[in-house]
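What the coordinates show
Read off the chains here:
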Amino acid sequence: MNTMTQPMTLSSKDLLCLSQLTSQEIEQILTTAIDMKNGYGSFNTSLSDKTMVMLFEKPSLRTRMSFEVGFTKLGGSAIYLDHQGNLLGERESISDYALNLERWVDVIVSRTFKHDTLEQLAKAASIPIINALSDLYHPCQALADALTLKENFADLKQIKLAYIGDGNNVCHSLLLVAAKLGFDITVISPQDYSPNAQVVRLAEKIATTTGSIIALTSDIQAASGHHAIYTDTWVSMGQEQSQSQRHDHFAQYQVTEEVMANADADAIFMHCLPAHRGQEVVAEVIDSPKSVVFDQAENRMHAQNALMLHLLA
Ligand code: CP
Ligand code: NVA
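So, here's what we can say about the structure. (Residues numbered from 1 in each chain as written. Chains lettered and ligands numbered in written order. Predicted model: local features only at pLDDT ≥ 70, side-chain atom pairs only at ≥ 80, totals over all residues. Heavy atoms only, no water.)

Observations regarding the nonpolar core
Test applied: In these notes, a set of buried Ala, Val, Leu, Ile, Met, Phe, Trp, Tyr and Cys residues joined through side-chain atoms within 4.5 Å is what counts as a nonpolar core. The buried label goes to any residue with under 20% of its type's maximum accessible area, the exposed label to any with over 50%, and the partly exposed label to all in between, with areas taken from a 1.4 Å probe on protein chains only. Strands here mean DSSP runs of E at least two residues long; helices mean DSSP runs of H or I at least four residues long; both are numbered from the N terminus. Between two residues, a contact is recorded if the distance between any of their heavy atoms is within 4.5 Å.
Judged by nonpolar contacts, the single largest core of 69 residues is most densely connected at Leu149 and Met308. Among the elements that take part in this core, helix H6 (residues 169-181) stands out by supplying nine residues, more than any other. With residues near it in sequence (within four places) discarded, Leu149 still touches Leu156, Ile159, Leu161, Phe183, Ala228, Ile268 and Met270. Core analysis: the next-biggest nonpolar cluster, separate from the first, contains 23 residues, Tyr193, Ala223, Ile229 and Val259 among them.

Describing helix H5 (residues 139-152)
As a reminder of what qualifies: Helix span is expected to be 1.5 Å times the residue number reduced by one.
Taking 1.5 Å of rise per residue, 14 residues should cover 20 Å, and H5 covers 20 Å from first to last C-alpha, within 8% of that figure. Within H5, eleven of the 14 residues are buried, which leaves it mostly tucked inside the rest of the structure. Regarding H5, the residues found buried are Pro139, Cys140, Gln141, Ala142, Leu143, Ala144, Asp145, Ala146, Leu147, Thr148 and Leu149.

Considerations on the site of ligand 2
Which entries qualify depends on this criterion: By convention in these notes, a residue is near a molecule or strand provided one of its non-hydrogen atoms lies within 4 Å of it. Polar contact is the term for a pair of N or O atoms within 3.5 Å; when the atoms are in protein, one must be able to donate a hydrogen and the other to accept it, and sequence-neighboring residues count only if both atoms are side-chain atoms. Using a 1.4 Å probe, accessible areas were evaluated by the Shrake-Rupley method; residue-level cover was limited to the displayed protein chains. In the cavity and pocket records, a cavity denotes points on a 1 Å grid over the protein atoms alone where a 1.4 Å probe fits but cannot get out, a pocket denotes an open set with protein on both sides within 12 Å along at least 5 of 7 lines, and lining residues are residues with an atom within 4 Å of a point. Those molecules having more than half of their atoms within 2 Å of a cavity or pocket grid point set are described as sitting in that cavity or pocket.
As a structural note, the neighbourhood of ligand 2 is formed by Leu133, Asn168, Asn169, Val170, Asp232, Thr233, Ser236, Met237 and Leu273. One of the side-chain nitrogen or oxygen atoms of Asn169 is found 2.8 Å away from an oxygen atom of ligand 2. Met237 places a polar main-chain atom, nitrogen or oxygen, 2.8 Å from an oxygen atom of ligand 2. Taking 270 Å² as the accessible area of ligand 2 by itself, protein coverage stands at 95%. Comparing atom positions with the cavity grids shows ligand 2 to sit within the largest pocket.

Concerning the sheet that holds strand E5 (residues 160-164)
For the record, the criterion: When DSSP finds two or more bridges between two strands, those strands count as paired. Angles shown run from 0 to 180 degrees and are taken between the N-to-C directions of axes, each axis being a line fitted to C-alpha atoms and, for helices, limited to the stretch in contact.
With parallel pairing, five strands are arranged side by side in an open sheet as E7-E6-E5-E8-E9. Of all the strands in the sheet, just strand E7 (214-217) and strand E9 (268-271) have a single pairing partner and so form its edges. On average, adjacent strands in this sheet sit at an angle of 20° to one another, irrespective of strand direction. As paired strands, strand E6 (residues 184-188) and E7 are joined by four bridges and run parallel to one another. The partner of Val187 across the bridge, within E7, is Leu216. Packing against the sheet, H5 makes contact with E5, strand E8 (228-231) and E9, and its axis sits at approximately 165° to E9. Across the sheet, helix H11 (residues 293-312) is in contact with E8 and E9; its angle to E9 comes to roughly 50°.

In structure tokens:
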């Protein structure tokens, strides 16, 4: 391990929302993630005495795999508890759940429907709780996305990212990471799907300290000139009952070759995945050389591993 990757003590026990990390802490996590991506050799016993449990109320490919494979790469052990059939809090109270688990494991990674479930876990547990996606935030995705942006642009403070789609979890964490790292973000959503006003206010407050410019609009033309074009599914997990209504409302918000052509000449295309070709993005864009979606997926692991090192080592 080189001197840049000595574990530091983070200001928060948990990561439920990126506002819990300082800009410097995020920068350090990204630096460590780059070191790890260059080779795990010196990190492969960093967490050799640690155990992680993963509690997931919703399906996952990337989040489950990247946490589980990643933790193993650092020498730790991972256990997956499937909560798709019974939500946390149904069999016993959320606080009792946390108070049991902390007797055996060192960290809880959890994907929940309600953000409040994570808040309750964090309040009860003395060990770190990491948000693996809730209705409100997806902080680990945004850390990986910041790493992917760093790989593509020399100076993040000079770039503008356009998020086109639903103003929910992924969008909220992108707003916060943009504000924390000082890059500009334009959120383009249909009427009634704009981001949560409280989250926008939080991001705007942080942005005053970093110079990030935050814009919200329903005009897809506003993506022109941006350096990164980002989209997410029109129908998030748990919203399946409103699928046909959402397809109508989002039809004009597809990332097409025209959207990419109007963006900066060197613009990249980003998506947290899973993707739906022909809905939020056309195949010609997501499968084009401009697309960095599988780098984002790989970077989940490095960004989360860096977070784990600083939280636990
Ligand atoms: N991006 C993401 O969180 O993917 P999964 O839902 O497959 O974990
Ligand atoms: N907004 C999506 C993100 C999936 C990673 C969802 O919540 O389903």
